[in-house]
Amino acid sequence: INGGRGVVVCPESAVMRMRAGMVEVRIDGKPSPSEPNIVEKLMLAAQQDDLIADAFEYFGRADNWFDLYKTYEVIRAAIPGKANKLSAMEWMPSKLESRFTETANYYRHARAKPSQPLLSFEEAKKLLEDALKNWLVTAQSNNQSGSSAA
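Residues numbered from 1 in each chain as written. Predicted model: local features only at pLDDT ≥ 70, side-chain atom pairs only at ≥ 80, totals over all residues. Heavy atoms only, no water.

### As for the overall build of the protein chain
Selection rule: A helix here means a DSSP run of H or I that spans at least four residues, while a strand means a run of E at least two residues long, and both kinds are numbered starting from the N terminus. Throughout, exposure labels follow a simple rule: accessible area from a 1.4 Å probe, protein chains only, divided by the maximum for the residue type, with under 20% read as buried, over 50% as exposed, and the rest as partly exposed. Residue contacts follow a heavy-atom distance rule, with two residues in contact if any of their heavy atoms lie within 4.5 Å. Using the Shrake-Rupley algorithm and a 1.4 Å probe, accessible areas are obtained, with residue cover drawn only from the displayed protein chains.
When you go through the protein chain residue by residue, the secondary structure sums to five helices and two strands. Reading the protein chain from its N terminus to its C terminus gives the helix and strand order β-β-α-α-α-α-α. Out of the 150 residues in the protein chain, the part that is buried amounts to 27%. Considering only contacts in the protein chain between residues 6 or more positions apart, those separated by 24 or more positions represent 56%. Per element, the accessible surface of the protein chain, about 10,900 Å² overall, is 52% carbon and sulfur.

### Remarks on the packing of helix H2 (residues 50–60) against helix H5 (residues 121–142)
Between two packed helices, the angle of one axis relative to the other and the distance separating the axes together describe the packing. Cut-off, in case you're wondering: Convention adopted: a line fitted to C-alpha atoms gives each axis, helices being fitted over their contacting stretch, and angles between N-to-C directions are expressed from 0 to 180 degrees. Should an angle lie under 35 degrees it is considered roughly parallel, over 145 roughly antiparallel, and from 65 to 115 roughly perpendicular; all remaining angles are considered oblique. Should the near helix be turned counterclockwise from the far one by less than a right angle, the crossing is left-handed, whereas a clockwise turn marks it as right-handed. Classification used: nonpolar for Ala, Val, Leu, Ile, Met, Phe, Trp, Tyr, Cys and Pro, charged for Asp, Glu, Lys and Arg, polar for all others including Gly.
Axis separation between H2 and H5 bottoms out at 12 Å; the angle between their running directions is 160°. In terms of orientation, H2 lies roughly antiparallel with respect to H5. At the point where H2 passes H5, the crossing takes the left-handed sense. Residues Leu51, Ile52, Ala55, Phe56 and Phe59 of H2 form the contact with H5, whose own contacting residues are Lys125, Leu128, Glu129, Leu132, Trp135, Leu136 and Ala139. Its residues assigned to classes, the contact of H2 with H5 comprises 10 nonpolar, no polar and two charged.

### Some points on helix H3 (residues 65–77)
Our working definition: Expected span of a helix, by definition, is 1.5 Å for each gap between consecutive residues, and there is one gap fewer than residues. As used in this structure description, the phrase polar contact means that two N or O atoms lie within 3.5 Å; if the pair is within protein, one of them must be able to donate a hydrogen and the other to accept it, and residues adjacent in sequence are counted only when both atoms belong to side chains.
The end-to-end C-alpha separation of H3 is 18 Å, in line with the 18 Å expected for 13 residues at 1.5 Å each. Buried residues along H3 sit against H2, helix H4 (94–108) and H5. Two to three positions downstream of the cap, the backbone nitrogen of Phe66 sits 3.0 Å from a side-chain oxygen, assigning the N-cap of H3 to Asn64.

### Some remarks on the side chain of Thr103
By the element assignment, Thr103 lies in helix H4. A polar atom in the side chain of Thr103 sits 3.0 Å from the backbone nitrogen of Leu119. Filtering out sequence-adjacent residues up to four positions away, Thr103 remains in contact with Trp65, Pro117, Leu118 and Leu119.

### Section: the nonpolar core
This is how it is decided: In plain words, nonpolar cores are sets of buried Ala, Val, Leu, Ile, Met, Phe, Trp, Tyr and Cys residues tied together by side-chain atoms within 4.5 Å.
Leu68, Leu86, Phe100, Leu128 and Trp135 are the most contacted members of the largest nonpolar core, which has 31 residues in total. Put simply, the parts of the chain that give this core at least two residues each are helix H1 (38–48), H2, H3, H4 and H5. With nine residues, H5 is the largest single contributor of residues to this core. In contact with Phe100, other than residues within four places in its own chain, are Leu68, Tyr69, Tyr72, Leu119, Ala124, Leu127 and Leu128.

Pasting the structure below:
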């Protein structure tokens, strides 16, 4: 026992069963490196990238069409070049992107007769959630979202 704070176990070869609170594994006296979990990775990404932070802010409070569409605009802003459609990046199917934007504009602006069936708010939010996840996976694999961090 190390001052009542920790236990050092050095078995040759053993089968052990233990129950413990928080356990710290050390190799040669140094803590073993741990991979950040998904939440830690996303929080770090949001700290390093204004677009990701904005997307989290808008989507996190999206209980209306304005915040849902703002999330869409933030994701679009991360797309490099002139192909500013989520479908161009395969983050959302093209036909559904068209329905999403028409539906959001229908509810955010004058309610002109829509040219296609409108999405429910729940359908639109799920569609955008999937697009947000696709963007974040791409951003993580590229280690950037396409924006300049503050």
